[in-house]
Amino acid sequence: MRAPLAPGARMLPALAAVYRAQLSRARVARIPLLFVATFQSVGIMVMMRGVVDGGDEARSVVAGSSVLVVAFVALNLLAQYFGQLRAGGGLDHYATLPVPPAAVVLGAAGAYASFTAPGTLVTAVVGSVLFKLPMAHLWVLAAVIPVSGAALAGLGAALGLLAPRQELATLGGQLGMSAALLLGVLPAAHMPAPVAFARDLLPSTYGVEAFARSFDAHPDWLLVLADLGVCAAVGVVSLAVATWAYRRAAVR
């Protein structure tokens, strides 16, 4: 008589287990890269300090550089990670586990996104001091990091899982991070119309805008919430696409 299979793991416990495992792995293997991401963003702000004195441009530079840390880790590194998993057969290991596909994608995305918090905070504080911006509303980062991280991590995971080759996954992650650098850090007022349109399509733009608005003396919190809402909605869609891509890659 054939023995019955064990029941599959429930979504929340499986998600928590994957998240803890990925966070532990990220702490060990990615700390040097987080330092590089933070150093890169701080270096960009130091260079921009020579051409930007203050006002809206300074807010854009600081907000864009802060969110760039999230893009470097959550988009670039996650695209490389899932590209390596797919190329090296690592997805076969996850496919044999009794966990929902969404738990694998969400756990990895959440771990990589939350791993960016220290570097993003350091970048924001250094930028605020460098450009003499108020730091009373830095708590907005507590919302900006999760929603921007979700959108960018979902995009990175989808790139890594859909790319036919590992090299293309790495290239896609690098191009996505470059787009976040050029379109997020540079002040939008000086961009030509086609570039500004491309900026509006980038999900991290809305996290940048929400954080930049928080530097105003009297922020328009409705606009901040609207930007965060758009970023969160894009995050839900991108994570859903990444989950579908994981199912597709795991059965091939």
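About the cut-offs
- Residues numbered from 1 in each chain as written.
- Predicted model: local features only at pLDDT ≥ 70, side-chain atom pairs only at ≥ 80, totals over all residues.
- Heavy atoms only, no water.
- Salt bridge = Lys/Arg side-chain N within 4 Å of Asp/Glu carboxyl O.
- Helix = DSSP H or I, 4+ residues; strand = E, 2+ residues; numbered from the N terminus.
- Buried < 20%, exposed > 50% of the residue type's maximum accessible area, 1.4 Å probe, protein only.
- Phe/Tyr/Trp six-rings, centres within 6.5 Å; stacked < 30°, edge-to-face > 60°.
- Axes fitted to C-alpha atoms, helices over the stretch in contact; angles between N-to-C directions.
- Parallel < 35°, antiparallel > 145°, perpendicular 65-115°, else oblique.
- Contact = heavy atoms within 4.5 Å.
- Nonpolar A, V, L, I, M, F, W, Y, C, P; charged D, E, K, R; others polar.
- Patch = residues over 30% accessible without salt bridge, like charges linked within 9 Å, V, L, I, M, F, W, Y side chains within 5 Å.
- Areas by Shrake-Rupley, 256 points an atom, 1.4 Å probe, with all protein chains shown as cover.

**Q** Break down the pattern of salt bridges for me, citing the residues and quoting the values.
**A** Counting across every chain of the model gives five salt bridges. For the salt bridge of Arg199 with Glu209, the shortest nitrogen-to-oxygen distance reads 2.8 Å. Of this pair, Arg199 sits in helix H8 (residues 193-201) while Glu209 is found in helix H9 (residues 204-213), placing the two residues ten residues apart along the sequence. Judged by its relative accessible area of 5%, Arg199 is buried. Judged by its relative accessible area of 22%, Glu209 falls in the partly exposed class. Several salt bridges share partner residues, and in doing so they unite Asp56, Arg59 and Asp216 into one network.

**Q** Outline the packing of aromatic side chains, supporting the account with residue identities and numerical values.
**A** Considering all chains together, one arrives at five aromatic pairs under this definition. Ring centres of Phe35 and Phe39 lie 6.2 Å apart, and the angle between their planes is 20°; on these two criteria the pair is classed as stacked. Here Phe39 and Phe35 lie together in helix H1 (residues 11-48), a separation of four residues that amounts to about one turn. On the accessibility criterion, Phe35 (58% relative accessible area) is exposed. Judged by relative accessible area, which is 59%, Phe39 ranks as exposed. Here the aromatic rings of Tyr81 and Tyr112 are separated by 5.8 Å at their centres, their planes lie at 35°, and the arrangement is tilted. Taken together, the residues Tyr81 in helix H2 (residues 55-88) and Tyr112 in helix H4 (residues 101-115) connect sequence positions 31 residues apart. A relative accessible area of 1% places Tyr112 in the buried class. Within the aromatic cluster, the residues linked to one another by ring pairs are Tyr81, Phe82 and Tyr112.

**Q** Outline the packing of helix H6 (residues 141-162) against H9, listing residues and values.
**A** Contact geometry of H6 with H9 gives a least axis separation of 9 Å together with a crossing angle of 170°. As judged from the angle between their axes, H6 and H9 are roughly antiparallel. Counted together, Leu141, Val144, Ser148 and Leu152 of H6 and Ser204, Gly207, Ala210 and Phe211 of H9 form the full contact between these two elements. Across the contact of H6 with H9, the residue classes break down as five nonpolar, three polar and no charged.

**Q** How would you summarise a nonpolar patch on the surface if you had to cite specific residues and measurements?
**A** A cluster of nonpolar side chains, Leu121, Val125, Val129 and Met135, forms an exposed patch at the surface whose accessible area comes to about 320 Å². Residue placement: Val125 occurs in helix H5 (residues 117-130).

Geometric descriptors of this kind do not, in isolation, establish any biological role.
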